[in-house]
Amino acid sequence: MPIYTQSEYIYVLGNTQDAGMPHIGCKHQFCLDNFNMYEEYYVTSIAVVNQEKKKYILFEATPDITYQLNYLKDNIFQEFLLPEAIYITHAHIGHYTGLMYFGREALGSKNLLVKVLPKMSNFLKTNGPWSQLVTLNNIQIQNTKFDVSNSELNNIEVTPIKVPHRDEYSETAGYIIIGKNKKALFIPDIDKWEKWDKNLIDLVKDFDYLLLDATFYDSNEINRDISEIPHPIVSETINLLNSLSKKNKSKVYFIHMNHTNHMLNPNSDLSKSIINKGFNIARLGQKLYL
Ligand SMILES: [Zn+2]
Ligand SMILES: [Zn+2]
């Protein structure tokens, strides 16, 4: 028996906005360069891994899921493994369409557990092609509830919480992930922080890791008024958290970056300035021990 057992950890499987990197039709140099090194960037997703037991749970089923599960195989398990469960935040393309790869045209999985909130559950059950995954038992949907925790792996508690977002097809969840020693908050998509009934500064003090929506760094990226962009702008988030201690700032991991956001490039001046301010940027392959 090992005296010391390592805790579970969050494993970052992607950090881009829904449409990925490179972005369809984009002519900017960073996107063009990345047509030649596609594997470096995947759509936002995290796994929580129990390495000892060779088990994991997955957050989000992205359009890059084929590569992401292969990435887990190559870097963690040395064999292809399906997750114990998949949690999904909401019904925008980067967050759930990877489910199609579990269907009959692809993997043809059996009773893969997908845990979603009631509106998302209904959306999947009543709209093709997702409904076929349900009728063929490729996936098995289990409903979750806001603010009710789910036990996973050995020591993990997962709780969906409500966040404000464009809810055309489903509600939008963020997830609280509590491990043996640490707790994390995963909020890949949210409208403005001020539309939320929670205070971000208090949350940063309370949690150990916060993976937060960083879709756009500032409004110049898309030439729209800041107030019209349904995401917290990273420059605003940084201002909001500016008074926090260095230790608290270092708990923030920006994630879900649009192709126009230079934070995606680890070598950009913008990435360096954000790190210098004491914040972190989520990168593929990063481990955050719980
Ligand atoms: Zn998204
Ligand atoms: Zn681009």
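Look up: the structure comes first, before these words.
Owing to the predicted nature of the structure, the values given are computational and were not obtained by experimental measurement.

Asker: Before we move on, could you go through the coordination of the zinc ion (ligand 1) and cite the residues and values that matter?
Answerer: On the protein side, the zinc ion (ligand 1) has Asp18 (OD), His95 (NE2), Asp189 (OD) and His256 (NE2) as donor atoms, found 1.9 to 2.1 Å from it. Here the zinc ion (ligand 1) is ringed by four donor atoms whose angles at the metal span 83 to 168°, and the overall shape comes out irregular. The sequence motif formed by the donor residues of the zinc ion (ligand 1) is D-x76-H-x93-D-x66-H. Residue Asp18 is located in the loop between strand S1 (9-14) and helix H1 (29-34), and its partner His256 is located in the loop between strand S12 (252-255) and helix H9 (269-276); the two are separated by 238 residues in the primary sequence.

Asker: Can you explain the packing of aromatic side chains? Please cite residues and give values.
Answerer: Tallied over the full model, the rule gives 17 aromatic pairs. In this structure an aromatic cluster arises from ring pairing among Tyr9, Tyr11, Tyr42, Tyr67, Tyr71 and Tyr289. Here Lys183 stacks its cationic end above the ring of Phe207, 5.0 Å away from the centre of that ring.

Asker: Give a description of the sheet that holds strand S9 (residues 173-178) that names residues and reports values.
Answerer: The sheet built from seven strands is open, its strands ordered S7-S8-S9-S10-S11-S12-S13 with mixed pairing. Among the strands making up the open sheet, the edge pair consists of strand S7 (150-152) and strand S13 (280-281).

Asker: Explain the coordination of the zinc ion (ligand 2) residue by residue, including any values.
Answerer: For the zinc ion (ligand 2), the full set of protein donor atoms is Cys26 (SG), His28 (ND1), Cys31 (SG) and His259 (ND1), at a range of 2.2 to 2.3 Å. Given four donor atoms and angles of 80 to 128° at the metal, the environment of the zinc ion (ligand 2) is assigned as irregular. For the zinc ion (ligand 2), the single-chain donor residues occur in sequence as C-x1-H-x2-C-x227-H. With His28 in the loop between S1 and H1 and His259 in the loop between S12 and H9, this residue pair connects regions lying 231 residues apart in the sequence.

Asker: Could you give an account of the side chain of Glu221, with specific residues and numbers?
Answerer: On the secondary structure map, Glu221 appears in the loop between strand S11 (209-213) and helix H7 (234-240). By relative accessible area, which is 18% here, Glu221 ends up buried. A distance of 3.3 Å separates a polar side-chain atom of Glu221 from the backbone nitrogen of Asp218. Excluding residues that lie within four positions of it along the chain, Glu221 makes contacts with Thr215, Phe216, Thr260 and Asn261.

Asker: An account of the environment of Leu212 is needed here, citing residue identities and associated values.
Answerer: Counting through the fold element by element, Leu212 comes out in strand S11. Residue Leu212 is classed as buried on the basis of its relative accessible area, which comes to 0%. In this structure, the C-alpha to C-alpha distance between Leu212 and Tyr56, residues 156 residues apart in sequence, is 22 Å. Among all residues touching Leu212, those that are not within four sequence positions of it are Ile187, Trp193, Leu200, Val252, Tyr253, Phe254 and Ile255.

Asker: Give me the lowdown on H9, citing residues and values where you can.
Answerer: Buried residues of H9: Leu270, Ser271 and Ile274, and no others. Seen end-on, H9 carries its buried residues on one side only, within an arc spanning 100°. Looking at H9, the residues exposed on the side facing more than 90 degrees away from the buried face are Asp269 and Asn276. Contacts from the buried residues of H9 go to H7, S12 and S13. Gly278 lies just past H9 and shows a positive phi near 105°.

Thresholds applied
- All residue numbers here refer to positions counted from 1 along the written sequence of the relevant chain.
- For this description, chains carry letters from A and ligands carry numbers from 1, given in the order in which they are written.
- Since the coordinates come from a predicted model, pLDDT governs what is reported: local features require at least 70, and pairs of side-chain atoms require 80 or more to be given and counted, while whole-chain, interface and lining totals use all residues.
- As a rule here, side-chain values come from all non-hydrogen atoms in the structure, and water together with hydrogens is ignored.
- Coordinating N, O and S atoms are those within 2.8 Å of the metal (3.2 Å for Na, K and Ca), and as water is not part of the atoms, a site may appear to have fewer donors than expected.
- Angular criteria define each label, namely tetrahedral for four donors with all angles between 85 and 135 degrees, square planar for four and octahedral for six donors with opposite donors over 155 degrees apart and remaining angles between 65 and 115, and irregular for whatever fails these tests.
- Secondary structure elements follow DSSP: runs of H or I of four or more residues count as helices, runs of E of two or more count as strands, with numbering from the N terminus.
- Stacked, edge-to-face and tilted labels apply to pairs of Phe, Tyr and Trp rings (six-membered ring for Trp) whose centres lie within 6.5 Å, assigned for plane angles under 30 degrees, over 60, and everything in between, in that order.
- For a lysine, the NZ atom is tested; for an arginine, the CZ atom; a charge sits over a ring if that atom is within 6 Å of the ring centre and within 35 degrees of the ring normal.
- By the convention used here, strands pair only if DSSP detects at least 2 bridges between them.
- Buried, partly exposed and exposed residues are distinguished by accessible area as a fraction of the type maximum, computed with a 1.4 Å probe on protein chains only: under 20%, between the cut-offs, and over 50%, respectively.
- Throughout this description, a polar contact denotes any pair of N or O atoms lying within 3.5 Å of each other; where both atoms belong to protein, one of them has to be capable of donating a hydrogen while the other can accept it, and for residues adjacent in sequence the pair is counted only when both atoms sit in side chains.
- Any two residues whose heavy atoms approach within 4.5 Å at even a single point are treated as in contact.
- For this quantity, the arc is that covered by the directions from the helix axis to the C-beta atoms.

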